Amino acid sequence: MKDIMMLMGFSMGLLTGALLYKYSQNAKSMIDQGEKKIVKEAKKLEKKAEQGMEELESKVKKGVKKIEDKITNN
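Residues numbered from 1 in each chain as written. Predicted model: local features only at pLDDT ≥ 70, side-chain atom pairs only at ≥ 80, totals over all residues. Heavy atoms only, no water.

### Here we look at a negative patch on the surface
A surface patch of negative charge is lined by E46, E50, E54 and E55. Its place among the elements puts E46 in helix α2 (residues 25-73). (Patch = residues over 30% accessible without salt bridge, like charges linked within 9 Å, V, L, I, M, F, W, Y side chains within 5 Å. Areas by Shrake-Rupley, 256 points an atom, 1.4 Å probe, with all protein chains shown as cover. Salt bridge = Lys/Arg side-chain N within 4 Å of Asp/Glu carboxyl O. Lys, Arg positive; Asp, Glu negative; His and termini not counted. Charge placed at Lys NZ, Arg CZ, Asp CG, Glu CD. Helix = DSSP H or I, 4+ residues; strand = E, 2+ residues; numbered from the N terminus.)

Next comes the structure, spelled out in structure tokens:
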């Protein structure tokens, strides 16, 4: 019974949100602005992740080169 009530509550919230988005200009503009901010932050995080991966890749290459040098010198 508890699961059914939770599902009904979720469905009503989803329906209410969809109707607000469709018929309310203020709600629509607020949601659209929020979506733009989320996309902007996601792109920033993507750039940071790419930079981190590049740094990690260079460190790994340096480490592999050191290991190769030690192996060839022995």
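Having seen it, we continue.
### Regarding the environment of L20
Inspection of the secondary structure assignment puts L20 in helix α1 (residues 2-23). It is 27 Å that separates the C-alpha atoms of L20 and K2, two residues lying 18 residues apart in sequence.

### A look at the pattern of salt bridges
Oppositely charged side chains are able to pair whenever their charged atoms sit close together. Applying the stated criterion to the full structure yields two salt bridges. For E41, the salt bridge goes to K44, with nearest N and O atoms at 3.6 Å. Of this pair, E41 and K44 both sit in helix α2, three residues apart, roughly one helical turn. With its nearest N and O atoms 3.4 Å apart, the salt bridge here joins E57 to K61. One end of the pair is E57 and the other is K61, both in helix α2 and four residues apart, which spans about a single turn. Owing to a relative accessible area of 44%, E57 belongs among the partly exposed residues under this scheme. (Buried < 20%, exposed > 50% of the residue type's maximum accessible area, 1.4 Å probe, protein only.)

### A short note on the packing of α1 against α2
To characterise two packed helices, one gives the angle between the axes of the helices and the distance between these axes. Viewed as axis vectors pointing N to C, α1 and α2 meet at an angle of 105 degrees, and their least axial separation amounts to 5 Å. As summarised for this structure, α1 and α2 are arranged roughly perpendicular, according to the angle between their axes. For the pair α1 and α2, contact is made by L20, Y21 and Y23 and by Q25, A27, K28, I31 and D32, respectively. Grouping the amino acids of the contact of α1 with α2 by side-chain chemistry returns five nonpolar, one polar and two charged. (Axes fitted to C-alpha atoms, helices over the stretch in contact; angles between N-to-C directions. Parallel < 35°, antiparallel > 145°, perpendicular 65-115°, else oblique. Contact = heavy atoms within 4.5 Å. Nonpolar A, V, L, I, M, F, W, Y, C, P; charged D, E, K, R; others polar.)

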